[in-house]
Amino acid sequence: VQTVKTSNVVVITGETGCGKSTQIPHILLTSMMEEDASNSATTTTSIIPLGEIICTQPRRISATSLARRVSVEMGDDKPLVRSMVGYSIRGEHKKSPLTTMTYCTTGILLKRLESDPTLAGVSVVVVDEIHERTVQTDFLCIALRRLLEEQEQEEQEQEEQEQEKEEQEQGERR
């Protein structure tokens with residue numbers, strides 16, 4: 001969790017069945033919720049703001065079955081109904097207003113990037129099965145890299161503006 005908080009990109013490798021697709025997103029969501037709850041009490045800001053976690057899968061069946069499994073693991077009585085976990089595949093969406101973690105196909109995230117190029121409200125993107133090199137996965141990696149570069153540039157410009165403002169205020173005090 002700490003590595004995700006302090007890094008823009010994290011690569012996680014592990015054996016089949018070790019929990020990369022289920023446990024990692026679940027742990028991140030739990031951590032974000034706990035941090036958000038404790039920060040609400042202390043009025044500090046979270047390093048990873050509570051926002052949507054998107055987990056991409058190359059196949060529709062993977063997205064739906066993983067969403068259902070994680071929903072059950074998180075204790076939902078009726079998986080995917082009024083749940084924090086949902087899925088989105090071509091032609092079918094199971095999400096509620098409570099949904100914070102969405103499993104989707106790579107194509108769905110690419111489509112979302114067309115209408116929401118900044119992925120507003122998204123805290124973490126997990127690109128799963130990236131070793132299964134496809135044209136869609138390659139395009140997604142390019143798009144996410146560009147998004148990160150744009151965000152870094154915006155943050156740098158914001159810091160420079162804040163520094164200039166501080167220097168002006170200090171000059172006026174003298």
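This write-up is about the structure you can find in this document. (Residues numbered from 1 in each chain as written. Predicted model: local features only at pLDDT ≥ 70, side-chain atom pairs only at ≥ 80, totals over all residues. Heavy atoms only, no water.)

**Quick notes on the pattern of salt bridges**
Alright, step 1. Per the counting criterion, the structure on display carries eight salt bridges.
Alright, step 2. A salt bridge links Glu-52 to Arg-112, with the nearest nitrogen and oxygen atoms 2.8 Å apart. Taken as a pair, Glu-52 in strand β1 (residues 52–57) and Arg-112 in helix α4 (residues 106–115) lie far apart in primary sequence, 60 residues in all.
Alright, step 3. Overall, the relative accessible area of 12% leaves Glu-52 in the buried class.
Alright, step 4. Arg-112 sits in the partly exposed class, given a relative accessible area of 23%.
Alright, step 5. Members of the salt-bridge network, linked through shared partners, are Glu-52, Lys-95, Arg-112 and Asp-116. (Salt bridge = Lys/Arg side-chain N within 4 Å of Asp/Glu carboxyl O. Helix = DSSP H or I, 4+ residues; strand = E, 2+ residues; numbered from the N terminus. Buried < 20%, exposed > 50% of the residue type's maximum accessible area, 1.4 Å probe, protein only.)

**Comments concerning unusual backbone geometry**
Alright, step 1. Positive phi values are uncommon outside glycine, yet Leu-119 reaches one of about 50°.
Alright, step 2. With a phi close to 55°, Glu-129 is a non-glycine residue in the positive phi region.
Alright, step 3. Along the chain, Glu-129 falls in the loop between β5 (122–127) and α5 (135–173).

**Focus on the pairing of β1**
Alright, step 1. Most of β1 sits inside the fold, with six of its six residues counted as buried.
Alright, step 2. Side chains Glu-52, Ile-54 and Thr-56 of β1 all project onto a buried face; the interleaved residues Ile-53, Cys-55 and Gln-57 project onto the opposite face, where all are buried too.
Alright, step 3. Relative to β5, β1 is paired through five bridges, and the arrangement is parallel. Directly across from Thr-56, in β5, lies its bridge partner Val-127.
Alright, step 4. Judged from the five bridges that link them, β1 and strand β4 (residues 101–105) form a sheet pairing that is parallel. Note on β4: the bridge partner recorded for Gln-57 is Thr-105. (Pairing = 2+ DSSP bridges.)

**Describing helix α3 (residues 60–73)**
Alright, step 1. Across its 14 residues, α3 extends 20 Å between first and last C-alpha, which sits within 8% of the 20 Å expected from 1.5 Å per residue.
Alright, step 2. Within the sequence span of α3, burial applies to Ser-62, Ala-63, Thr-64, Leu-66, Ala-67, Val-70 and Ser-71.
Alright, step 3. Those residues of α3 hidden inside the fold are in contact with β1, β2 (85–89) and β4.
Alright, step 4. The positive-phi residue at the C-terminal boundary of α3 is Gly-75, with phi of around 95°. (Expected span 1.5 Å × (residues − 1). Contact = heavy atoms within 4.5 Å.)

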